[in-house]
Amino acid sequence: MELYLPAQQPFSLQAVIRSHGWIRLAPFRYQDQANWFNYVIRLDSGSVVDLHIQDAQDGVQLKVDNSLSETECDSITRAASWMLGLDQDFSTFYKIAQTEPKLEHLVTAARGRILRSPTLFEDIVKTILTTNTLWAGTIRMAETLVAIYGDPIPDDPSRRAFPTPERLADLDESALRSSARLGYRAPYVLELSRQVGSGNLDLESLKNSDLPTEQLRARLMDIKGVGSYAAANLLMILGRYDNIPVDSWALKMVSNEWFSGEPIGKAEVESAFEHWGEWKGLAYWFWDWSTKD
């Protein structure tokens, strides 16, 4: 099965792939500098397939080595469109960014889209896995969750989808601590899985919510394990760019850029990008920190 999906221009698949580290987390599979990636996806029908997404003129080409029903084709189209933000329009931001030398690269390289998982559930779990650990630890925890609890591709059991909330909800905390080695994150992932799996928490409705950002942020922070930094990251994934994910790296870079390396706090990071308004998260995310004015 092959499908072509157009993208709002300008678009660069490579820019989406390199937007952040998600491409390194299972069940994504990617080779450096390639204009394609694979993702093992479990469709609403229950079918598990290896989705290949590659660059195409003004969009992307989807390939699956399976025959899919019309409903499954629709499902995989929606998933890929969301993952890549194919309908996102950054023309307003690009117009503003062209006036800032530190963001000129963003316009010429068609950057702005941030790679997403097919479901917000997966993105929240992965965000929780980034907290208080090295990046290598996040990669390991994601790989372990997928390898142990993900549904396999029928003809290749070594390739598995991200586990469903229902599958994780059937576990207990000790299993997630010992087998998946999630540590203190285990109860957070377990509770989230049970809330989503039972239908008590509808995360997918937040993808296109018209709630004001602060209310959406409050909804995210109601989820145990999601703090201020995690919520700001998730808002970026949801296409809300008026928050900045402030961590130690942000404090260091903003301090070096504007405060001569002196110790600063979150307020200084926010003030440095305040004039970007609804786009300040993107301005921060793609700022060129490598050179000085």
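Residues numbered from 1 in each chain as written. Predicted model: local features only at pLDDT ≥ 70, side-chain atom pairs only at ≥ 80, totals over all residues. Heavy atoms only, no water.

## Here's the deal with the nonpolar core
With 97 residues, the main nonpolar core has Phe37, Ile124, Leu176 and Phe273 as its most contacted residues. It is helix 2 (residues 70-84) that contributes the most residues to this core, seven residues altogether. Ignoring anything within four residues of it in the chain, the contact list for Ile124 reads Leu192, Leu203, Leu220, Ile223, Val226 and Leu234. (Core = buried A, V, L, I, M, F, W, Y, C linked by side-chain atoms within 4.5 Å. Buried < 20%, exposed > 50% of the residue type's maximum accessible area, 1.4 Å probe, protein only. Helix = DSSP H or I, 4+ residues; strand = E, 2+ residues; numbered from the N terminus. Contact = heavy atoms within 4.5 Å.)

## A word on the pattern of salt bridges
Under the counting rule described, the total for this entry stands at twelve salt bridges. Across the pair Asp50 and Arg29 runs a salt bridge, and its minimum N-O distance is 3.7 Å. Residue Asp50 is found in strand 4 (residues 48-56), and its partner Arg29 is found in strand 2 (residues 28-29); the two are separated by 21 residues along the sequence. Notably, a salt bridge pairs Glu173 with Arg177, separated by 2.8 Å at the nearest N-O pair. Of the two residues, Glu173 and Arg177 are both situated in helix 8 (residues 173-178); the distance of four residues between them amounts to about one turn of the helix. One salt-bridge network, in which partners are shared between bridges, spans Arg29, Asp50 and Arg159. (Salt bridge = Lys/Arg side-chain N within 4 Å of Asp/Glu carboxyl O.)

## Quick notes on the confidence of the model for the protein
With 99% of its residues at a pLDDT of 70 or more, the protein has an overall mean of 94. Looking over the protein, one finds the lowest element-wise mean pLDDT in helix 4 (residues 104-108), namely 87, and the highest in helix 5 (residues 120-129), namely 98. (pLDDT = per-residue confidence, 0-100.)

## Some details on the sheet that holds strand 1 (residues 2-6)
Taken in spatial order, the five strands of this open sheet run 1-5-4-3-2, and their pairing is antiparallel. A strand with exactly one partner marks an edge of an open sheet, and here the two such strands are strand 1 and strand 2. As paired strands, strand 4 and strand 5 (residues 59-63) are joined by five bridges and run antiparallel to one another. Among the inter-strand pairings, Ile53 is bridged to a residue of strand 5, identified as Leu62. The sheet strands contacting helix 2 are strand 1, strand 2, strand 3 (36-42), strand 4 and strand 5, and the helix crosses strand 1 at an angle near 40 degrees. (Pairing = 2+ DSSP bridges. Axes fitted to C-alpha atoms, helices over the stretch in contact; angles between N-to-C directions.)

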